[in-house]
Each structure stands twice: as C-alpha cells, then as structure tokens.
Amino acid sequence: MEKGVSLTQFIIEEQRHIQGATGEFTSLLNDILTACKKIASEVDQGPLIGIMGSAGSENVQGETQKKLDIITNDIMVDSLQWTGHLAGMASEEMEELLQIPPEYPRGKYLILFDPLDGSSNIDVNVSVGTIFSILRAPEGCDHPTLEDFLQKGTEQVCAGYTLYGPTTMLVLTTGNGVNGFTLDRRIGEFILTNPDMTIPEETTEFAINMSNQRFWEAPVQRYIDECLKGKEGPRGKDFNMRWVASMVAEVHRILTRGGIFMYPMDEKMRAKGATGKLRLMYEANPMSYIVEQAGGMSCTGRERIMDMEPTGLHQRVPVVLGSKEEVQRVMDYHNEA
Ligand code: P6P
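Keep in mind that what you see is a predicted model, and the values were worked out from it rather than measured.

### So, the overall build of the chain
Phase 1: Scanning the chain from terminus to terminus reveals nine helices and 17 strands.
Phase 2: Against the compact-globule benchmark of 20 Å for 337 residues, the chain has a radius of gyration of 20 Å, which places it among compact chains.
Phase 3: Dimensions of the chain, computed from the C-alpha atoms along their principal axes, are close to 65 × 45 × 45 Å.
Phase 4: By residue count, 57% of the 337 residues in the chain fall in the buried class.
Phase 5: Contacts in the chain between residues far apart in sequence, at least 24 positions, make up 64% of those at least 6 positions apart.
Phase 6: Summing over all exposed atoms, the chain offers an accessible surface of approximately 14000 Å²; the carbon and sulfur share of this is 48%.
Phase 7: Here the chain carries 31 positive and 48 negative side-chain charges, and the mean point of each set is 5 Å from the other.

This is the structure:
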C-alpha cells in the first residue's frame, strides 16, 4: 500500500482481503494504537509531569519498576479491557493473568505485552518501546487459563511494537509482511512511512552487551571474536557494534538497515538458574514474528524461538535475531560445538 495512508485505513483495507473477517480484529488494533498514542504522550512529557524515576516497587521479575512502567501498564489495561475484543491480558508488569472485569463483554483474542521495554533508559532520555503479541483465545472462552496463553510463537495472529524515539513509530505484522507507521502529532494519526520493511540477509553490524563477554558460551565467544578480528580475521571484513540496551530500538535498527542482535545464554545466568534475559511470551515471540516476516531469522542459538513450547508466562529465553546469514552462522557454531 502506498505511503501516506493512515494506519486506520491500512488496517481496514487489509481486513477486506481476509475471508470472513468480522472487523473485530481491526477494531482491536485500533484500540491498541490509541493506547500507544496515550503512552507516547506520557513518555513525551516525562519530567514535565513528574513521572520519571523509580516507583519504589519491584515487578515479578524482581526488577525495580519505574513510575512509567506502571503508568503505561495501566494505560494498556484501561484502553483495552472494555473493548469486548479480548478474553484476557498478560503483561510483564503483572505477575498473574488479567481477567476481563465481569461488566465487560469478552472477545476472541488474548493480548500479551511489555508496556515499556527498555525502561532503564527512560531516565536518561534514550528510546524505549511497547511490545505486543496477539493470540486467539479458545472458542467461547470467557475466563482464560494460563495454558490458554502458553501458545507457541507460530500461533500469533499479530505482533507489533511502538518505538518512542526521535519520532514515534508503530511497526506491525499480521502475517503478511511488516509495515512501519510514523505518528503525525499534528493530526494524531500513525501514517504509513515504511511499507514492506525487509532485513538485508547480510550485515556487518552486531549488537550485544560486551560486559558479559567472560560469561558467554564458546560458540558466542567464537562468533564475536571473529567479528572483532575484522578484515585480518576469518570473516575478511570489519564489523561495527551497537548496544542501546533497548530491544525495541535494536530491532527497529535491524529492520531498517540489517544487523544481528544477541542476548545469549551465559554462565552467570546458568549459575543463577536463569534460562535467559529476555521474556519469551511478550518480547522474544512478537519480535521473532516481526523479524521472520521481514525476511530475518530468530533463534535461541540452538532452536527457532517461535517453535518453542512455552512453560511459563514470564519464561526467559536466549535471543539471537536479525540478518539471516549471521543468525544462521551463530546457529551453525552452536551445532558444531
Ligand atoms: P542489559 C531492557 O531492560 C531489556 O529487556 C531489553 O530491552 C534490552 O535489550 C536488554 O534488556 C538490555 O539488557 O543487560 O544491557 O541492561
């Protein structure tokens, strides 16, 4: 579809190609983009309205919650629970599933989200984002169980993120490619600016938190060492490095110009009994859907992330995603080890 159309028009025109579409999914997406506009407004005002800093509480992950973590979670819940399109919700910021209050009708979808990913950056004014994943609820479900949510990434009907950066962008896939929309604050609409986003198969840019290097497993050590050796090394070319510490910003850069993002398993995590850093259900799975739909790859180093059978709502997994050739190389190194 040509640049310049609004996200609302884009979604409605997309719906017309879907046999038997009822318009419920379209309406849900519109409610989600309204929530993201509200979050963009809060994030944009930040210190002007006294919402920076810690909330003085911890989330289920044991991480200090920022005031904005709680505010943005409340915005997502308050914007979506009344719509009649959802049977239930799950969030990084809520330990348990959120059932739809009895006064509201239920719908046929489940939503899982990280309302403000990268929020450790919020106090230093670095880009943060909202990540969401939409699954189908079981037929006639009005009180979803944990099992109803624990579906493989391949079951997602939609995945998206909103990046609150120099511009606010919403990137979305419903299984028919990836499209990027920029918020035009003059009219309060997301406008199609990046149609058919695709990830170049090759890259010379990697993103990893180098401070963990001494803990990495051998395949990751080998891969990064070879990148660092540059032209004189086995790769025969120089590499560049980026690390924003905000997954939404990293993934958006990779969608825009290629790259490989890695948050691998390491010995420090293993010693603590952790299974990774990033959450499967509302970070790794939605980002993997988007990356694969854009022609990239996403794995744990050993297996495709979207094929994993989830075991917990806040389960963590290692993540290696981005340009196909580099992700495949990392998988090959793991398989050879
Ligand atoms: P580190 C943000 O907290 C996050 O979940 C991702 O968005 C980001 O890629 C990663 O953690 C950053 O981790 O260890 O560099 O702070």
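### Overview of the site of the ligand
Phase 1: Within the structure, the ligand sits among 13 residues, and Asp 117, Asn 209, Trp 243, Met 247 and Tyr 263 are positioned closest to it.
Phase 2: Between the ligand and the protein, one listed contact pairs an oxygen atom with a side-chain N or O atom of Trp 243 at 2.9 Å.
Phase 3: Protein coverage of the free-state accessible area of the ligand, which is 400 Å², stands at 83%.
Phase 4: Residue assignment for the shell around the ligand shows that the elements contributing at least two residues are strand E13 (260-263) and strand E14 (278-279).
Phase 5: Of the residues that constitute the shell around the ligand, the class distribution is six nonpolar, three polar and four charged.

### With respect to the packing of aromatic side chains
How two aromatic rings sit relative to each other is set out by the distance from centre to centre and by the angle between their planes.
Phase 1: By the definition in use, this model includes five aromatic pairs.
Phase 2: Taking 5.9 Å as the distance between ring centres and 55 degrees as the angle between the ring planes, the aromatic pair formed by Trp 243 and Tyr 263 counts as tilted. With a gap of 20 residues between them, Trp 243 in the loop between strand E12 (240-242) and helix H6 (247-257) and Tyr 263 in strand E13 connect regions that are remote in the sequence.
Phase 3: Looking at Trp 243, the relative accessible area reads 25%, which means it is partly exposed.
Phase 4: Judged by its relative accessible area of 13%, Tyr 263 is buried.

### Points about the environment of Arg 242
Phase 1: Structurally, Arg 242 is set in strand E12.
Phase 2: For Arg 242, a relative accessible area of 36% gives the class partly exposed.
Phase 3: On a C-alpha basis, the gap between Arg 242 and Thr 275 in space is 24 Å, while along the polypeptide they are 33 residues apart.
Phase 4: Other than its neighbours up to four places away in sequence, Arg 242 contacts Glu 205, Phe 206, Ala 207, Ile 208, Glu 250, Arg 253 and Arg 257.

### Notes on the domain arrangement of the chain
Phase 1: Domain annotation of the chain identifies domain 1 (7-194) and domain 2 (205-336).
Phase 2: Once you take the C-alpha centre of each, domain 1 and domain 2 turn out to be 24 Å apart.
Phase 3: With 46 residues of domain 1 at the contact, the number on the domain 2 side is 31 residues.
Phase 4: When domain 1 packs against domain 2, the two sides together hide about 2900 Å² of surface, and 63% of this comes from carbon and sulfur.
Phase 5: The largest per-residue losses of area from domain 1 upon contact with domain 2 belong to Leu 150, Lys 152 and Tyr 161, which jointly make up 20% of the total buried on that side.
Phase 6: Inspection of the domain 1/domain 2 interface yields one salt bridge.
Phase 7: Residue Glu 92 is joined to Arg 279 by a salt bridge in which the shortest nitrogen-to-oxygen separation is 2.5 Å.
Phase 8: Across the side of domain 1 that touches domain 2, the residue classes break down as 22 nonpolar, 18 polar and six charged.

### Focus: the pattern of salt bridges
Phase 1: Going through the model one piece at a time under the given rule, you end up with 16 salt bridges.
Phase 2: Put simply, Glu 205 and Arg 253 hold a salt bridge, and the shortest N to O gap is 3.5 Å. A residue pair is termed long-range when its members are at least 10 positions apart, and Glu 205 in strand E11 (residues 205-207) and Arg 253 in helix H6 qualify at 48 residues. Taken as a pair, Glu 205 and Arg 253 share a single burial class, namely buried.

Conventions adopted
Residues numbered from 1 in each chain as written. Predicted model: local features only at pLDDT ≥ 70, side-chain atom pairs only at ≥ 80, totals over all residues. Heavy atoms only, no water. Helix = DSSP H or I, 4+ residues; strand = E, 2+ residues; numbered from the N terminus. Rg over C-alpha atoms; globule rule 2.2 N^0.38 Å. Buried < 20%, exposed > 50% of the residue type's maximum accessible area, 1.4 Å probe, protein only. Contact = heavy atoms within 4.5 Å. Areas by Shrake-Rupley, 256 points an atom, 1.4 Å probe, with all protein chains shown as cover. Lys, Arg positive; Asp, Glu negative; His and termini not counted. Charge placed at Lys NZ, Arg CZ, Asp CG, Glu CD. Near = heavy atom within 4 Å. Polar contact = N/O pair within 3.5 Å; in protein donor to acceptor, adjacent residues only side chain to side chain. Nonpolar A, V, L, I, M, F, W, Y, C, P; charged D, E, K, R; others polar. Phe/Tyr/Trp six-rings, centres within 6.5 Å; stacked < 30°, edge-to-face > 60°. Domains from an automatic or database assignment. Buried area = accessible area lost by both parts, 1.4 Å probe. Salt bridge = Lys/Arg side-chain N within 4 Å of Asp/Glu carboxyl O.

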